[in-house]
Amino acid sequence: KIIQSPKLNKNKQKLKLIPKSINNLNPEISILSLTNDLELNQLQISGYSIKGVKVEARILGDKVFSGSILDNAWNITLPNSLISGEQVLIANLIDKEGKIVAKDQINIYGEILKNAGNKTLLVVQKGDALWKIAYQRLGGGEKYVDIIKLNKNKINNPDLIFPKQLFILP
């Protein structure tokens, strides 16, 4: 039973929502996926970035390769010279002055790339879930089961995945 309706204070201003401008965001870069092209012996690296004019990528201690950014997405091809051990893949976001403004890196293993064949390896990001990955990358959330089957040695609990994990996509 309502006794009295709430009254609005005429002096209060309405809350204005201002969309975040890209100028207000900090520079950011993330490596999203790797694809090993066995025929060409090349490693395709893709990711996204905020701010910056180009991306440079390299295997630690190796030659630097650069690529341009289009709609916050980037793609760079590296010669695949991975050995069976652990390597560090580094991606740097470069600004107009040529300075590194953001960096991302992941540990990769030559054996994992070899086992993936020509399939794409997805780099898990903060906030990812297998259902979300399957929905976005494979066109249906229910296909998360296929990701689990291909990566059963890396996924002990499908509800518990971690940033920087590498999963083979079907």
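A brief look at the structure comes next. (Residues numbered from 1 in each chain as written. Predicted model: local features only at pLDDT ≥ 70, side-chain atom pairs only at ≥ 80, totals over all residues. Heavy atoms only, no water.)

In this structure, I31, L34, I45, W74, L89, I106 and I108 are the most contacted members of the largest nonpolar core, which totals 23 residues. Beyond its immediate chain neighbours, meaning those up to four positions away, I45 contacts I31, S33, L34, A57, W74, N75, I76, L78 and L89. V124, I148, I161 and F167 belong to the second largest nonpolar core, which has twelve residues in total. (Core = buried A, V, L, I, M, F, W, Y, C linked by side-chain atoms within 4.5 Å. Buried < 20%, exposed > 50% of the residue type's maximum accessible area, 1.4 Å probe, protein only. Contact = heavy atoms within 4.5 Å.)

Right, let's talk about the pattern of salt bridges for a bit. Oppositely charged side chains can pair when the atoms bearing their charge come close. The tally for this structure, following the rule as stated, stands at three salt bridges. Here E56 ties to K54 by a salt bridge, and the two come within 3.5 Å at their closest N and O atoms. Of the residues examined, E56 reaches a relative accessible area of 22% and is grouped as partly exposed. Residues K164 and D104 are paired through a salt bridge, measuring 2.2 Å at the closest nitrogen-oxygen approach. Separated by 60 residues along the polypeptide, K164 in the loop between helix 3 (144–150) and strand 9 (166–168) and D104 in strand 7 (residues 100–109) bring together distant segments of the chain. (Salt bridge = Lys/Arg side-chain N within 4 Å of Asp/Glu carboxyl O. Helix = DSSP H or I, 4+ residues; strand = E, 2+ residues; numbered from the N terminus.)

Attention shifts here to the side chain of D95. On the secondary structure map, D95 appears in the loop between strand 6 (86–94) and strand 7. Within the buried set, D95 has no salt-bridge partner at all; the shortest N-O distance to an opposite charge, 5.8 Å, is to K99. A polar side-chain atom of D95 sits 3.0 Å from the main-chain amide nitrogen of E97. Polar side-chain contacts of D95 include one of 2.8 Å to the backbone nitrogen of K99. Beyond its immediate chain neighbours, meaning those up to four positions away, D95 contacts G52, V53 and V101. (Lys, Arg positive; Asp, Glu negative; His and termini not counted. Polar contact = N/O pair within 3.5 Å; in protein donor to acceptor, adjacent residues only side chain to side chain.)

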